[in-house]
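Summary of structural features
What follows is the residue order along each chain.
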Amino acid sequence: MDESPNSNAVNCSKFQRWATCASIAYILLPNLFFLSGWVEPWISVPLCALLIICSWKLWKQSKPICPRTCPDLKYLLCALLIAALYVYRIGFNGDVPQPGDFIVRTPIYTTLIHSDWPIYSERGEYFVYYHAYVLPPAWIASILSFIPSWLILATWVYLGIALAITCMFFRCGKSTAIVFALILFVGPLQSLFRFDNVFLARHFPFEPMVSFYCAHLPVGVIFPGFFNQCADTYNHGINIFLFFSLAYGKLLTGYRLALLSALLVVTSPLGAVAVLIYLLYLMIAPRLRNELYTLFKQPMLYVDILLIAVLGLYFSSGSGAVIEPIWKHFDTHEALPIYLVTIFCILIPLFVFGWRYRHTTGFRASLTIALVTPIVWVGPTNNELLFKSSILTAFFIPVFAYKTFCYAGILKRIAIVIVFLFCSYNFVYETYRAARDFSTSDEGRAANMHNEWHGTLNHPNHYMYKQFWGEKVPFLYKGKN
């Protein structure tokens with residue numbers, strides 16, 4: 001018997017409710033594991049209890065905006081299949097080349113599986129890093145030792161992406177797979193002019209052009225698209241992506257998004273900066289100003305403040321990242337050209353794809369990130385603030401591209417396609433590299449893996465070593481037995 005439209009609406013509402021519940025729980029879990037493993041019990045136990053209660057109430061009070069009927073689930077399944085291929089492409093098992101950051105990702109995960117929490121170096125230093133995202137799969141892997149640990153981690157990553165896609169599904173409907181594919185494709189324009197991974201730079205007639213540009217003009221500071229955000233740094237990117245999907249899908253709105261945002265800090269302090277910028281524009285909108293007053297009446301806000309204070313003690317106990325203006329990181333005469341090239345590489349796709357939506361929160365937040373974050377340099381080599389915060393633009397620019405294309409005339413569509421082809425170069429190259437180096441043999445997998453640290457973090461002579469350790473145990477945190 002066919003279901004009536006009203007019955008479909010009820011089912012869709014239930015689907016949204018459970019998707020919202022699962023997403024909140026997914027974002028909450030790393031906080032609970034981190035507090036339990038790192039913070040003294042007299043503060044972690046009550047704080048965990050409060051976070052669970054407040055998150056439960058946040059879900060119960062949420063009011064998803066539900067269409068009258070749910071789109072056919074085959075469109076969602078198609079997007080989920082693309083996500084499975086993407087997670088496989090990350091290379092957790094070595095069938096395809098792993099991102100360079102796996103030189104530290106794998107040892108961190110392995111150490112968390114086989115060591116007691118908190119972690120110390122052989123020299124007695126305290127582990128300080130945004131590692132909380134991998135704590136749930138590490139705990140599971142320590143118990144289910146008969147399952148390959150990489151498979152548990154890959155499943156955890158896929159679950160987060162699948163939840164994000166499901167949240168987008170309620171807004172995108174039949175176009176969910178297309179929108180997610182665009183999110184994967186759109187990357188930084190600078191990839192066209194980088195010698196370290198560019199196919200163009202080694203083939204005529206492009207080689208002279210690329211060589212001339214790199215020799216005489218600034219390339220700008222790299223800011224990765226979604227493909228690299230959640231492959232190289234899945235520990236930072238997945239939960240931020242899920243948060244923006246909840247917002248875009250309207251499963252959480254207004255002050256409820258603000259309450260949830262504090263749970264992102266443990267997995268990505270710098271990614272949370274992008275979330276904060278987004279929320280500032282969201283909450284000052286005239287239609288939401290009343291919700292700003294409601295926010296201060298919510299008990300979860302003050303639990304969030306306590307959580308952020310506890311996390312602040314932890315992250316500030318590390319050896320410290322370099323924080324300086326861009327003109328101090330580069331030579332004075334280079335800083336302005338590099339800054340201009342960097343922002344233009346963000347603004348070109350933003351304006352071509354998103355000008356129609358310039359009054360939206362996503363556009364304004366993207367514009368702010370483009371103009372402001374390249375100025376403040378955070379990190380010894382890469383600008384980690386720009387790297388992490390650009391996940392917001394990596395989400396909204398492809399969304400704008402699809403929506404604008406649907407309404408654009410022929411000339412506008414041609415411009416969109418041309419810019420899209422340039423932006424998709426990094427994805428195309430990475431796909432080519434994956435196909436070129438694909439292997440299921442033990443030798444091929446070993447060559448594809450970045451196992452230079454051999455599963456241990458104790459490499460004091462490596463330049464990245466100091467990024468993971470603090471000298472003293474912070475206040476309220478567990479000391480060495």
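Read on for a plain summary of the structure. The model shown is predicted, which means the values in this text are computed figures rather than measured ones.

What counts, and at which threshold
Residues numbered from 1 in each chain as written. Predicted model: local features only at pLDDT ≥ 70, side-chain atom pairs only at ≥ 80, totals over all residues. Heavy atoms only, no water. Salt bridge = Lys/Arg side-chain N within 4 Å of Asp/Glu carboxyl O. Helix = DSSP H or I, 4+ residues; strand = E, 2+ residues; numbered from the N terminus. Buried < 20%, exposed > 50% of the residue type's maximum accessible area, 1.4 Å probe, protein only. Expected span 1.5 Å × (residues − 1). Axes fitted to C-alpha atoms, helices over the stretch in contact; angles between N-to-C directions. Left-handed = near helix turned anticlockwise from the far one by under 90°. Contact = heavy atoms within 4.5 Å. Nonpolar A, V, L, I, M, F, W, Y, C, P; charged D, E, K, R; others polar. Polar contact = N/O pair within 3.5 Å; in protein donor to acceptor, adjacent residues only side chain to side chain.

**What about the pattern of salt bridges?**
According to the stated counting rule, one finds 7 salt bridges in the structure shown. Here arginine 445 makes a salt bridge to aspartate 95, at a shortest N to O gap of 2.6 Å. One end of the pair, arginine 445, is in helix α22 (residues 442-448); the other, aspartate 95, is in the loop between α3 (73-90) and α4 (102-114), with 350 residues separating them in the sequence. Judged by relative accessible area, arginine 445 falls into the partly exposed class, the value being 26%. Of the charged contacts, one joins glutamate 430 and arginine 433 as a salt bridge, the two residues approaching to 3.3 Å between their closest N and O atoms. Placement of the pair is glutamate 430 and arginine 433 together in helix α21 (residues 425-437), with a separation of 3 residues, close to one helical turn.

**A short note on helix α6 (residues 149-172)**
Taking 1.5 Å as the rise per residue, α6 with 24 residues should run 34 Å; its terminal C-alpha atoms sit 34 Å apart, in good agreement. With 17 of its 24 residues buried, α6 lies for the most part within the structure. Looking one or two residues beyond α6, the residue adopting positive phi is glycine 173, at roughly 60°.

**Re the packing of α3 against α6**
To describe two helices that pack against each other, one gives the angle between their axes and the distance between the axes. Following both chains from N to C, one finds α3 and α6 inclined at 150°, their axes separated by 9 Å at the closest point. For the crossing formed where α3 meets α6, the hand is right-handed. In this structure, α3 uses Leu73, Tyr75, Leu76, Ala79, Leu80, Ala83, Ala84, Tyr86, Val87 and Ile90 to contact α6, whose residues at the interface are Ala154, Val157, Tyr158, Ile161, Ala162, Ile165, Thr166 and Phe169. Partitioning the contact of α3 with α6 into residue classes produces 17 nonpolar, 1 polar and no charged.

**Regarding the environment of histidine 462**
Positionally, histidine 462 belongs in the loop between α22 and β4 (469-470). When its relative accessible area of 25% is taken as the criterion, histidine 462 is described as partly exposed. Leaving out residues up to four positions away in the same chain, histidine 462 has contacts with Ile103 and Trp453. Within the local environment of histidine 462, its side chain forms a polar contact with the backbone nitrogen of methionine 464, the two atoms lying 3.1 Å apart.

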